[in-house]
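Given next are the chains, with one letter for each unit.
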Amino acid sequence: MPSKPAGTLYRGREGMWSWVAHRITGVGIFFFLLVHVLDTALVRVSPEAYNEVIGTYKNPVVGLLEVGLVAAILFHAFNGVRLILVDFWAKGPRYQRQLMIGVGVLWVVLFVPFVIRHLTHVFGG
């Protein structure tokens, strides 16, 4: 029976899962930007239509989607810095686990206060 090759990085560990999450968050951010560009372009066509579309965004469902958007942007940005360090720092691959923990800590430190403040505006007024 052939053995697994020694030294491969992707076996379900933090490198693989961050790769998957980076792609998912990137696609999500892309679709948000696409919708954002399209609805912002409406202002040139019809300011009234633009105001109508923006008015539909002022509801709790969109407020919760904004929480997801910020979560994705924060993770994608910090994980991108981690990837740069892994790729361009000679010791980066050896510290992949610690760098991933750093991404998680930074994400929590910035995301939790945002969620508290944002949801008080969404649900509290």
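These figures come from a predicted structure and were not determined experimentally.

## Digging into the packing of helix H1 (residues 14–45) against helix H2 (residues 47–56)
- Orientation of H1 relative to H2, taken along the N-to-C sense of each, is 150°, at an axis distance of 6 Å. The angle between the axes of H1 and H2 places the two elements in the roughly antiparallel class. Where H1 abuts H2, its residues Asp39, Thr40, Leu42, Val43 and Val45 lie against Pro47, Ala49, Tyr50 and Val53.
- Across the contact of H1 with H2, the residue classes break down as 7 nonpolar, 1 polar and 1 charged.

## A few points about the packing of aromatic side chains
- Considering all chains together, one arrives at 4 aromatic pairs under this definition.
- With centroids separated by 4.5 Å and ring planes inclined at 25°, the aromatic side chains of Trp107 and Phe111 adopt a geometry described as stacked. Within this pair, Trp107 and its partner Phe111 are both found in helix H4 (residues 96–124), separated by 4 residues, close to a single helical turn.
- A residue is classified by how much of its surface remains accessible, and Trp107, at 24% relative accessible area, is partly exposed.
- With a centroid separation of 6.5 Å and 35° between ring planes, the pair formed by Phe111 and Phe114 is classed as tilted. Placement of the pair is Phe111 and Phe114 together in helix H4, with a separation of 3 residues, close to one helical turn.
- Accessibility expressed as a relative area gives 26% for Phe114, which makes it partly exposed.
- Clustering of aromatic rings is evident, with ring pairs tying together Trp107, Phe111 and Phe114.

## A few points about the UniProt feature "transmembrane region" (unreviewed entry) in the chain
- UniProt records the feature "transmembrane region" (unreviewed entry) for residues 20–41, 61–78 and 99–116 in the present numbering.
- Annotation note: span residues 61–78, helix share 100%, strand share 0%, distance between end C-alpha atoms 26 Å.
- Segment residues 99–116 splits into 100% helix and 0% strand. End C-alpha atoms: 26 Å apart.

## Examining a nonpolar patch on the surface
- The grouping of Val27, Phe30, Phe31, Leu34 and Leu38 at the surface amounts to a nonpolar patch, some 500 Å² of accessible area in total.
- Mapped onto the elements of the fold, Val27 is located in helix H1.

## So, helix H3 (residues 60–88)
- Helix length check: H3 (29 residues) gives 42 Å between terminal C-alpha atoms against 42 Å at 1.5 Å per residue, within 8%.
- If you check the start of H3, you find a side-chain oxygen 3.0 Å away from the backbone N of Val61, and it comes from Asn59.

## Quick word on the UniProt feature "binding site: heme" (unreviewed entry) in the chain
- As recorded in UniProt, the feature "binding site: heme" (unreviewed entry) lies at His76.
- Structurally, His76 is set in helix H3.
- Other than its neighbours up to four places away in sequence, His76 contacts His22, Thr25, Gly26 and Ile29.

## Here's the deal with the side chain of His22
- Tracing the backbone through its elements, the reader meets His22 in helix H1.
- Apart from residues lying up to four places away in sequence, His22 is in contact with Phe75, His76, Asn79, Gly80 and Leu83.

What counts, and at which threshold
- Residues numbered from 1 in each chain as written.
- Predicted model: local features only at pLDDT ≥ 70, side-chain atom pairs only at ≥ 80, totals over all residues.
- Heavy atoms only, no water.
- Axes fitted to C-alpha atoms, helices over the stretch in contact; angles between N-to-C directions.
- Helix = DSSP H or I, 4+ residues; strand = E, 2+ residues; numbered from the N terminus.
- Parallel < 35°, antiparallel > 145°, perpendicular 65-115°, else oblique.
- Contact = heavy atoms within 4.5 Å.
- Nonpolar A, V, L, I, M, F, W, Y, C, P; charged D, E, K, R; others polar.
- Phe/Tyr/Trp six-rings, centres within 6.5 Å; stacked < 30°, edge-to-face > 60°.
- Buried < 20%, exposed > 50% of the residue type's maximum accessible area, 1.4 Å probe, protein only.
- UniProt positions renumbered as here; feature names shortened; annotations may be inferred.
- Patch = residues over 30% accessible without salt bridge, like charges linked within 9 Å, V, L, I, M, F, W, Y side chains within 5 Å.
- Areas by Shrake-Rupley, 256 points an atom, 1.4 Å probe, with all protein chains shown as cover.
- Salt bridge = Lys/Arg side-chain N within 4 Å of Asp/Glu carboxyl O.
- Expected span 1.5 Å × (residues − 1).
- Polar contact = N/O pair within 3.5 Å; in protein donor to acceptor, adjacent residues only side chain to side chain.

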